[in-house]
Amino acid sequence: MRLHLSTWPEIETYLESSRAILIPIGSTEQHGPNGLIGTDALCPEIIAAATEEKTELLVGPTFSVGIAQHHLAFPGSMTLRPSTMIAAMKDWTDSLIRHGFERIFWLNGHGGNTATIQAAFAEIYSERSLKVGGKDNLPDLRLKAVNWWELPGIMDVCQREFPTGHGMHATASEVAVTYAAYPDQVRKVEMTPKIAPVGSFRDAGHYRAIFPDGRIGSDPAQATIEKGQTIIEAASESLSRAYRTFADED
Ligand code: NI
């Protein structure tokens, strides 16, 4: 079930039996020579859609622009400042709370979002903690963030599919997941060097200077539709269990 493909009476009915929702959250940023700019937003969206077939799940709109200042030297990349993202996540959360949602599972597709997501959670919880008298009159809000590749068992699957050159950015697995969902978007590009360099970076100019084609440590030319399907199947199984536990816990 998807929020944006539902009517308000359907959501009203849904809320009689569940207070949980999943929000895919990602980024809009370069993903090397053969990866789609939307990769980090598409992957959690694709895995959430596959999970819908396995368990009762309400999927909200994708929070598709995140923390990507370091990618801005590559055309097409977009970013939020951390302060903007925290404010936006708070408004999304408050809107959902207004209707009775109490459990929000953010399925993340971009490692660069992690610190800001945790800061947003702290900001949201702080408002409740600082309220005089505690949270007595407030719903029991629970927020959870999981990187899709850190769902139980999934990194093992990714490493098995790509024993070398999986990488850290524009990974073989994330590119494969998007190719499986959008087979007409497969790109054939020769990578030079075959496996990209690794290292740390500061701002956008520095990033492009040390990672000239955008990749970090990866050889995403290995990405195939079939390998992407394998990862999506495993990730949706794992997400189904993780989401059920979160949605149903006391
Ligand atoms: Ni990515």
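Residues numbered from 1 in each chain as written. Predicted model: local features only at pLDDT ≥ 70, side-chain atom pairs only at ≥ 80, totals over all residues. Heavy atoms only, no water.

**Some details on helix α1 (residues 8-17)**
- Turning to α1, its buried residues number three or more, namely I11, Y14 and L15. Within α1, the buried residues cover an arc of 100° as seen down the axis, which keeps them to one side. More than 90 degrees from the buried face of α1, the exposed residues found are E16 and S17.
- Packing partners of the buried residues in α1 comprise β1 (20-25), α3 (82-99) and α8 (225-248). (Buried < 20%, exposed > 50% of the residue type's maximum accessible area, 1.4 Å probe, protein only. Helix = DSSP H or I, 4+ residues; strand = E, 2+ residues; numbered from the N terminus. Arc of directions from axis to C-beta. Contact = heavy atoms within 4.5 Å.)

**Thoughts on the side chain of S240**
- Tracing the chain through its elements places S240 in helix α8.
- On the basis of relative accessible area, S240 is assigned to the buried category, the value being 11%.
- If near-sequence neighbours (up to four positions away) are discounted, S240 is found in contact with T51, K54 and T55.

**Examining the nonpolar core**
- Counting residues in each nonpolar core, the largest one holds 59 residues, and the members touching the most others are L22, M89, F105, W106, W148, L151 and Y243.
- Ranked by residue count, the leading element in this core is α8, at eight residues.
- Excluding its chain neighbours within four sequence positions, the residues that come into contact with L151 are L107, V146, A235, S238, L239 and A242. (Core = buried A, V, L, I, M, F, W, Y, C linked by side-chain atoms within 4.5 Å.)

**As for the pairing of β1**
- Among the six residues that make up β1, six are buried, leaving the element largely enclosed by the rest of the structure.
- Burial along β1 is two-sided: A20, L22 and P24 and I21, I23 and I25, pointing in opposite directions, are all buried.
- Relative to strand β2 (residues 103-108), β1 runs parallel, the two sharing six bridges. In the sheet register, I21 faces β2, and the bridge partner there is I104. (Pairing = 2+ DSSP bridges.)

**Concerning the sheet that holds strand β3 (residues 142-147)**
- Strand order in the open sheet formed by three strands is β1-β2-β3, with parallel pairing between adjacent strands. Only two strands of the sheet have a single partner each, and these edge strands are β1 and β3. Neighbour-to-neighbour, the strand axes of this sheet turn through a mean angle of 20°, independent of strand direction.
- Against the sheet, α8 makes contact with β1, β2 and β3, and its axis sits at roughly 155° relative to β2, the strand it touches most. (Axes fitted to C-alpha atoms, helices over the stretch in contact; angles between N-to-C directions.)

**So, empty space enclosed by the protein**
- All told, the structure shown has one cavity of 30 Å³ or more when counted by the stated rule.
- Estimates place the volume of the largest cavity at around 40 Å³.
- Along the walls of the largest cavity sit T192, P193, A196, P197, F211, P212, D213, G214 and R215, which together make up its complete lining.
- Residues that form the lining of the largest cavity fall into these classes: five nonpolar, two polar and two charged. (1 Å grid on protein atoms, 1.4 Å probe; cavity = no way out; pocket = protein on both sides within 12 Å on 5 of 7 lines; lining within 4 Å. Points joined across faces, edges and corners; volume = space filled by probe spheres on them. Nonpolar A, V, L, I, M, F, W, Y, C, P; charged D, E, K, R; others polar.)

**Regarding the coordination of the nickel ion**
- Looking at the nickel ion, one finds its protein donor set to be H31 (NE2), D40 (OD), E174 (OE) and E174 (OE), positioned 1.9 to 2.7 Å from the metal centre.
- What the four donor atoms of the nickel ion show is an angle range of 51 to 133° at the metal, which sorts the shape as irregular.
- Each donor residue of the nickel ion belongs to the same chain, and together they define the spacing H-x8-D-x133-E.
- Taking the relative accessible area as the measure of exposure, H31 reaches 1% and is therefore buried.
- The class of D40 is buried, set by a relative accessible area of 3%. (Donors = N, O, S within 2.8 Å, 3.2 Å for Na, K, Ca; no water. Tetrahedral: all angles 85-135°; square planar, octahedral: opposite > 155°, others 65-115°.)

**Some words on the layout of surface pockets**
- Approximately 400 Å³ is the volume attributed to the largest pocket.
- If you trace the largest pocket, you find 22 residues lining it, with G111, W149, M168, H169 and T171 closest to the centre.
- Residues of the lining of the largest pocket, tallied by class, amount to seven nonpolar, 12 polar and three charged.

**Let's talk about the packing of helix α2 (residues 39-51) against α8**
- Two elements in contact, α2 and α8, have axes separated by 8 Å at closest approach and are oriented at 70°. Here α2 lies roughly perpendicular to α8, going by the angle between them. Seen from above, α2 lies across α8 with right-handed handedness. In this structure, α2 contributes I46, I47, A48, A50 and T51 to the contact, and α8 contributes I232, A235, S236, L239 and S240.
- Grouping the constituent residues of the contact of α2 with α8 by class yields seven nonpolar, three polar and no charged. (Parallel < 35°, antiparallel > 145°, perpendicular 65-115°, else oblique. Left-handed = near helix turned anticlockwise from the far one by under 90°.)

**Overview of the pairing of β2**
- Counting buried residues in β2 gives six out of six residues, a clear majority hidden from the surface.
- Note: β2 against β3, six bridges, orientation parallel. Bridge assignment links N108 to a residue of β3, and that residue is N147.

Function cannot be inferred from these measures alone, as they are strictly geometric.
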